[in-house]
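Listed here are the chains, written in short residue letters.
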Amino acid sequence: MKLNIKKICCIGAGYVGGPTMAVIADKCPEIQVTLVDLNAERIAAWNSADLGELPIYEPGLSEIIERTRHKNLFFSTQVDKAIEEAEMIFISVNTPTKNYGVGKGMAADLKYIELCARQIARVSKSGKIVVEKSTIPVRTAATIKSILEDAEGGLEFHVLSNPEFLAEGSAISDLIDPDRILIGGESDEAIQALKDIYQRWVNPDKILTTNLWSSELSKLTANAFLAQRVSSINAISELCEKTGANVDEVATAIGMDSRIGSKFLKASVGFGGSCFQKDILNLVYIARTYNLTEVADYWEQVILMNDHQKSRFANHIVNTLFNTVNGKRIAMLGWAFKKDTNDTRESAAIYVADHLLTEMAQLAVYDPKVSASKIYQDIDAISTRSSEENRDLLSVHLNPYEACRGAHAVAILTEWDEFKEIDWQTIKDNMLNPAFLFDGRRLLDRKEMENLGFKYYTLGE
Ligand code: UDX
Ligand code: ADP
């Protein structure tokens, strides 16, 4: 086995693979990094001469792509070729929640991971280190290993788990300055080969090695704990609304306890993103598989609370607008699941929109980074109504002023910085009266908004 890594291949050029490989290429100029994907359109976008056309928006990403692309970072659809040439292969494909069969709606669908393992086994002419990057259930490495062990020619493969902890919107800084790098594996040599790559820019003290299963489970656990904090503060936000407490004041007060810490205590309309819900569902499914009913029920509650937060926000809008939004124009500011990303997976906005559309509201949506086609695709994917009806009821706008013109209410769903800079006086002047403003992100200042004449509601006070 050759452990001096000169060529890396990453299968899956998505939100995880793209930024991760860009940073590795930038930090290791002597290593050739090839990102491959079956999706030719996505690869073409990564190769686009116009850096504004990259398929993923992340602050700082385009600068790195500009420095490394066609030098030691390549994007290609030739998956077999890249696998064959590389000594180390990262698997960074999507692992959506299963929407069929056993484990439907709970378990992760591992078909893409399995296909990758089979492809690596089929194509390889030399032994390789295979690194799991995708979020996966515990013991997935066992599946990959057993497929690779059956590869012809008795080649030596080592499987490592190296979960990604980057958060979207801050992916590049998370990759450059991570809290820790986690590597799980059985072969010291393989672990060292991956460590050697990270050590070029990460302090060795921050590189933690564990067995495979601890590494896999740590990723799920980290996301479950983070999501749990959001659901916990969201639960308190509802209580604040009843008791006269202010959720930010409570968050600050508890966050100063060093045992609790101040991060991830921002009440919101609900967490979204590709990981939190999927990983908790995974955890719940695994616990149920082992008949750990109390463990499963405990974690499931985090998701139930999140669903409750989204529907209670939508219900509050309907109730406040005199119990009907039928035919009323409601502007929705923000569609992404958080600021600084164009990713909309599991975004709370989608569920709030669906709820309001079911109540026959006329929605006018604006998001600075999400395209109209993506917005329609997301709302169509829920399959609550036909796509014609969705187009009749929902319109997408190029700026917030247009979206809010003539509206009965404005709802803020994503905490984009630019929403703080909006000329809210102009927005108010062009709305119907009473002008309702529902702040699902606690983004604006109550006094200021009330002085402008808005009927202002924010979660948690
Ligand atoms: C998350 C993890 O943070 C990251 O480590 C992991 O690798 C992938 O999943 P991400 O989903 O990109 O990252 O975003 P994150 O910043 O964690 O936010 C997730 C959701 O929680 C967002 O919808 C965000 O708006 C919401 N959130 C976060 C809150 O509502 N309140 C908070 O205090 C923090
Ligand atoms: P993540 O957030 O985990 O990065 P994405 O959906 O953004 O998820 O990216 C995963 C990528 O993996 C997609 O672009 C998809 O086309 C790609 N992919 C899935 N299966 C394969 C495969 N067998 N070979 C190559 N690419 C694949």
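These numbers were taken from a predicted model, which means no experiment stands behind them.

Caption draft 1: Main features of the site of ligand 2. The environment of ligand 2 is formed by 15 residues, the closest being Tyr15, Val16, Asp37, Arg42 and Arg345. One nitrogen or oxygen atom from the side chain of aspartate 37 is found 2.6 Å from an oxygen atom belonging to ligand 2. With respect to ligand 2, the side chain of arginine 345 contributes an N or O atom lying 2.9 Å from an oxygen atom.

Caption draft 2: Structural detail: the site of ligand 1. Near ligand 1 lie 20 residues; those nearest to it are Phe165, Glu168, Ser268, Lys338 and Arg441. In the environment of ligand 1, an oxygen atom lies 3.0 Å from a nitrogen or oxygen atom belonging to the side chain of lysine 219. Residue leucine 265 places a main-chain N or O atom 3.3 Å away from an oxygen atom belonging to ligand 1. Burial of ligand 1 by the protein chains amounts to 89% of its free accessible area of 660 Å². In terms of residue class, the shell around ligand 1 is made up of 11 nonpolar, 3 polar and 6 charged. Built from parts of two domains, the shell around ligand 1 gets at least three residues from each of domain 1 (7-210) and domain 2 (213-461).

Caption draft 3: Spotlight on the packing of aromatic side chains. The full count for this structure, using the stated rule, is 12 aromatic pairs. In this structure, arginine 180 is placed above the aromatic ring of phenylalanine 165, and the distance from its NZ or CZ to the ring centre is 3.5 Å. Note that lysine 310 overlies the ring of tyrosine 351, its terminal NZ or CZ placed 4.3 Å from the centroid.

Caption draft 4: Fine view of the packing of helix H12 (residues 293-320) against helix H13 (residues 348-358). At a minimum axis separation of 9 Å, H12 and H13 run at an interaxial angle of 40°. Between H12 and H13, the crossing angle belongs to the class labelled oblique. Along this stretch, H12 crosses H13, giving a crossing that reads as right-handed. Along the contact surface, H12 presents Lys310, Ser311, Phe313, Ala314, Asn315, Ile317 and Val318, while H13 presents Ala348, Tyr351, Val352, His355 and Leu356. Taken together, the residues of the contact of H12 with H13 break down into 8 nonpolar, 3 polar and 1 charged.

Caption draft 5: Representation of the environment of glycine 18. Here glycine 18 lies in helix H1 (residues 17-27). Glycine 18 sits in the buried class, given a relative accessible area of 0%. For the pair glycine 18 and glycine 101, spaced 83 residues apart in sequence, the C-alpha to C-alpha distance is 31 Å. Excluding residues within four positions of it along the chain, glycine 18 makes contact with Ala13, Leu35 and Trp46.

Caption draft 6: Highlighting the pattern of salt bridges. If you walk through the whole model with that rule in mind, you get 30 salt bridges. A salt bridge links glutamate 186 to lysine 145, with the nearest nitrogen and oxygen atoms 2.6 Å apart. One end of the pair, glutamate 186, is in the loop between strand E7 (181-184) and helix H8 (188-198); the other, lysine 145, is in helix H6 (residues 140-149), with 41 residues separating them in the sequence. Note on lysine 145: relative accessible area 19%, which makes it buried.

Caption draft 7: Region of interest: the domain arrangement of the protein. Split into domains, the protein comes out as domain 1 (7-210) and domain 2 (213-461). Residue-level contacts link 37 residues of domain 1 with 29 residues of domain 2. Counting each side, the surface lost to burial between domain 1 and domain 2 is near 2,500 Å², with a carbon and sulfur contribution of 58%. The three residues of domain 1 that bury the most area against domain 2 are Tyr57, Met106 and Glu168, which together make up 26% of that side's buried surface. Across the domain 1-domain 2 interface, the total number found is 1 salt bridge. Linking glutamate 168 and arginine 345 is a salt bridge whose minimum nitrogen-to-oxygen distance equals 3.6 Å. Viewed at the interface, domain 2 and domain 1 are joined by 10 residue pairs in polar contact (both at pLDDT 80 or more). For the side of domain 1 that touches domain 2, the secondary-structure elements that each account for two or more residues are H6 and E7. A breakdown of the residues in the side of domain 1 that touches domain 2 according to their chemical character gives 20 nonpolar, 11 polar and 6 charged.

Caption draft 8: Seen up close, a nonpolar patch on the surface. A surface patch of nonpolar side chains, amounting to about 290 Å² of accessible area, comprises Tyr290, Leu292 and Val295. Structurally, tyrosine 290 can be placed in the loop between helix H11 (276-289) and H12. Judged by relative accessible area, which is 53%, tyrosine 290 ranks as exposed.

Caption draft 9: View of the packing of helix H9 (residues 212-243) against H11. Packing of H9 against H11 brings their axes to within 9 Å, and their N-to-C directions diverge by 115°. Considering how the two elements wind past one another, H9 and H11 form a crossing that is left-handed. Judged by residue contacts, Leu217, Lys219, Leu220, Asn223, Ala224, Leu226 and Ala227 of H9 engage Phe276, Asp279, Ile280, Asn282, Leu283 and Ile286 from H11. Tallied by class, residues from the contact of H9 with H11 come to 9 nonpolar, 2 polar and 2 charged.

Caption draft 10: A look at the sheet that holds strand E14 (residues 455-458). Taken together, the 6 strands give an open sheet; going across it, the order is E11-E10-E9-E12-E13-E14, and neighbouring strands pair in parallel fashion. Each edge of the open sheet is held by one strand with a lone partner, namely strand E11 (394-396) and E14. Each neighbouring strand pair of the sheet contributes to a mean axis angle of 20°, computed without reference to strand direction. Bridge count between strand E9 (residues 329-333) and strand E10 (residues 362-366): 5 bridges; the pairing is parallel. When the sheet's bridge partners are listed, arginine 329 is paired in E10 with glutamine 362.

What counts and how
Residues numbered from 1 in each chain as written. Chains lettered and ligands numbered in written order. Predicted model: local features only at pLDDT ≥ 70, side-chain atom pairs only at ≥ 80, totals over all residues. Heavy atoms only, no water. Near = heavy atom within 4 Å. Polar contact = N/O pair within 3.5 Å; in protein donor to acceptor, adjacent residues only side chain to side chain. Areas by Shrake-Rupley, 256 points an atom, 1.4 Å probe, with all protein chains shown as cover. Nonpolar A, V, L, I, M, F, W, Y, C, P; charged D, E, K, R; others polar. Domains from an automatic or database assignment. Phe/Tyr/Trp six-rings, centres within 6.5 Å; stacked < 30°, edge-to-face > 60°. Lys NZ or Arg CZ within 6 Å of the ring centre and 35° of its normal. Axes fitted to C-alpha atoms, helices over the stretch in contact; angles between N-to-C directions. Helix = DSSP H or I, 4+ residues; strand = E, 2+ residues; numbered from the N terminus. Parallel < 35°, antiparallel > 145°, perpendicular 65-115°, else oblique. Left-handed = near helix turned anticlockwise from the far one by under 90°. Contact = heavy atoms within 4.5 Å. Buried < 20%, exposed > 50% of the residue type's maximum accessible area, 1.4 Å probe, protein only. Salt bridge = Lys/Arg side-chain N within 4 Å of Asp/Glu carboxyl O. Buried area = accessible area lost by both parts, 1.4 Å probe. Patch = residues over 30% accessible without salt bridge, like charges linked within 9 Å, V, L, I, M, F, W, Y side chains within 5 Å. Pairing = 2+ DSSP bridges.

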